Amino acid sequence: MAEYRLKPGKVGEKVIGAYEKVEKKFTDAFLEEDAVSDSGYRLKTGKTGESVKGAYKKIEDGVVGAYKKVEDAFVDAFLERCDEEECGEVDK
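Residues numbered from 1 in each chain as written. Predicted model: local features only at pLDDT ≥ 70, side-chain atom pairs only at ≥ 80, totals over all residues. Heavy atoms only, no water.

Participant: Teacher, can you tell me more about the overall build of the protein chain here?
Facilitator: For the protein chain, the helix and strand inventory stands at 2 helices and 2 strands. Residues classed as buried in the protein chain amount to 3% of the 92 residues present. Summing over all exposed atoms, the protein chain offers an accessible surface of approximately 9,500 Å²; the carbon and sulfur share of this is 58%. The positive charge centre, built from 17 side chains, and the negative charge centre, built from 22, are 18 Å apart in the protein chain. (Helix = DSSP H or I, 4+ residues; strand = E, 2+ residues; numbered from the N terminus. Buried < 20%, exposed > 50% of the residue type's maximum accessible area, 1.4 Å probe, protein only. Areas by Shrake-Rupley, 256 points an atom, 1.4 Å probe, with all protein chains shown as cover. Lys, Arg positive; Asp, Glu negative; His and termini not counted. Charge placed at Lys NZ, Arg CZ, Asp CG, Glu CD.)

Printed below as a string of structure tokens:
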């Protein structure tokens, strides 16, 4: 089956051109290339953004570290390792 697309016409071409200019200005101002990202871009953070990102990372690491300590304590207190054969139903 054939594929179709809408013919933009003169007005449509102007709208598309204007949109592409705005998109390019936005991309140049706020995005930078990133090979890892699915889109190929990532947000430019600037100096303030880097400071905020660093502070957030420290908070995140602290919270995750605290959670891991609680999780490890729970596992040590209430769980024990077992092989597949040993791990049948839970004792009632």
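Here the narrative resumes, following the displayed structure.
Participant: Whenever I open this one, the pattern of salt bridges confuses me. Can you help?
Facilitator: Oppositely charged side chains can form a pair if their charged atoms are brought close together. By the definition in use, this model includes 4 salt bridges. The salt bridge partner of Lys24 is Asp28, with a shortest N-O separation of 3.1 Å. Of the two residues, Lys24 and Asp28 both sit in helix 1 (residues 9–30), 4 residues apart, roughly one turn of that helix. The class for Lys24 is exposed, based on a relative accessible area of 52%. (Salt bridge = Lys/Arg side-chain N within 4 Å of Asp/Glu carboxyl O.)

Participant: Can you walk me through the environment of Lys58 in this structure?
Facilitator: Mapped onto the fold, Lys58 is located in helix 2 (residues 46–78). In this structure Lys58 comes out as exposed when scored by relative accessible area, which is 68%. Taking the C-alpha atoms as reference, Lys58 lies 53 Å from Lys10; in sequence the two are 48 residues apart.

On their own, these measurements won't tell you what the molecule is for.
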